[in-house]
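Spelled out from the first residue to the last, the chains are:
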Amino acid sequence: MPNGKPAGIRCIHLDEHQLCRLFGKSNRPAVCGDFQADTEVCGDNADQAAILLAEWERLTAP
Ligand code: SF4
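Residues numbered from 1 in each chain as written. Predicted model: local features only at pLDDT ≥ 70, side-chain atom pairs only at ≥ 80, totals over all residues. Heavy atoms only, no water.

Chemist: Would you take a moment to explain the layout of surface pockets for this structure?
Modeler: In this approach the atoms are scanned with a rolling probe the size of a water molecule, which exposes any empty space left behind. What the largest pocket holds in volume is close to 1400 Å³. Along its surface, the largest pocket is lined by 29 residues, and K5, C11, L14, F35 and L53 are the ones closest to its centre. When contributions to the lining of the largest pocket are tallied by element, the ones reaching two or more residues are α1 (30-34), α2 (39-42) and α3 (46-59). In terms of residue class, the lining of the largest pocket is made up of 21 nonpolar, four polar and four charged. (1 Å grid on protein atoms, 1.4 Å probe; cavity = no way out; pocket = protein on both sides within 12 Å on 5 of 7 lines; lining within 4 Å. Points joined across faces, edges and corners; volume = space filled by probe spheres on them. Helix = DSSP H or I, 4+ residues; strand = E, 2+ residues; numbered from the N terminus. Nonpolar A, V, L, I, M, F, W, Y, C, P; charged D, E, K, R; others polar.)

Chemist: Sorry if this is basic, but what is going on with the environment of F35 here?
Modeler: By the element assignment, F35 lies in the loop between α1 and α2. In this structure F35 touches V41 and C42, once residues within four positions along its chain are discounted. (Contact = heavy atoms within 4.5 Å.)

Chemist: Could you clarify how one ought to interpret the site of the ligand in this entry?
Modeler: What surrounds the ligand is the set C11, H13, L14, C20, R28, P29 and C32. Put simply, the ligand lies in the largest pocket. When its residues are assigned to classes, the shell around the ligand shows five nonpolar, one polar and one charged. (Near = heavy atom within 4 Å. Sits in = over half its atoms within 2 Å of the grid points.)

Chemist: Looking at this structure, I do not really get the pattern of salt bridges. What am I missing?
Modeler: Close approach of charged atoms lets side chains of opposite charge pair. Enumeration over the complete set of coordinates arrives at two salt bridges. With a closest N to O distance of 3.7 Å, E57 and K5 form a salt bridge. Of this pair, E57 sits in helix α3 while K5 sits in the segment before α1, and the two are 52 residues apart along the sequence. Residue class for K5 comes out partly exposed when judged on its relative accessible area of 40%. (Salt bridge = Lys/Arg side-chain N within 4 Å of Asp/Glu carboxyl O. Buried < 20%, exposed > 50% of the residue type's maximum accessible area, 1.4 Å probe, protein only.)

Chemist: When you look at the side chain of D15 in this model, what are you seeing that I'm missing?
Modeler: By the element assignment, D15 lies in the segment before α1. Buried D15, no salt bridge; nearest opposite-charge side chain is R21, N-O distance 5.5 Å. In this structure the side chain of D15 is engaged in a polar contact, spanning 2.7 Å, whose partner is the backbone nitrogen of H17. Aside from chain neighbours lying at most four places away, what touches D15 is R10 and R21. (Lys, Arg positive; Asp, Glu negative; His and termini not counted. Polar contact = N/O pair within 3.5 Å; in protein donor to acceptor, adjacent residues only side chain to side chain.)

So, to be careful, I would describe these as geometric facts and stop short of saying anything about function.
Right, dumping it as structure tokens:
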């Protein structure tokens, strides 16, 4: 996304299976490649991750 992914906006690179279309490609943003999954952020499954990420976005909103 040209100006970065705004909080609360689905990344345009996610496919219908919630997988990154840029995974393994050189144009994948470095911040995505550097991210290390952690239960504090991701929980134990996709549903928990969605809840936790929404909370992180709320807490860090400008
Ligand atoms: S890893 Fe990065 S580029 Fe890929 S879908 Fe997630 S936010 Fe988008």
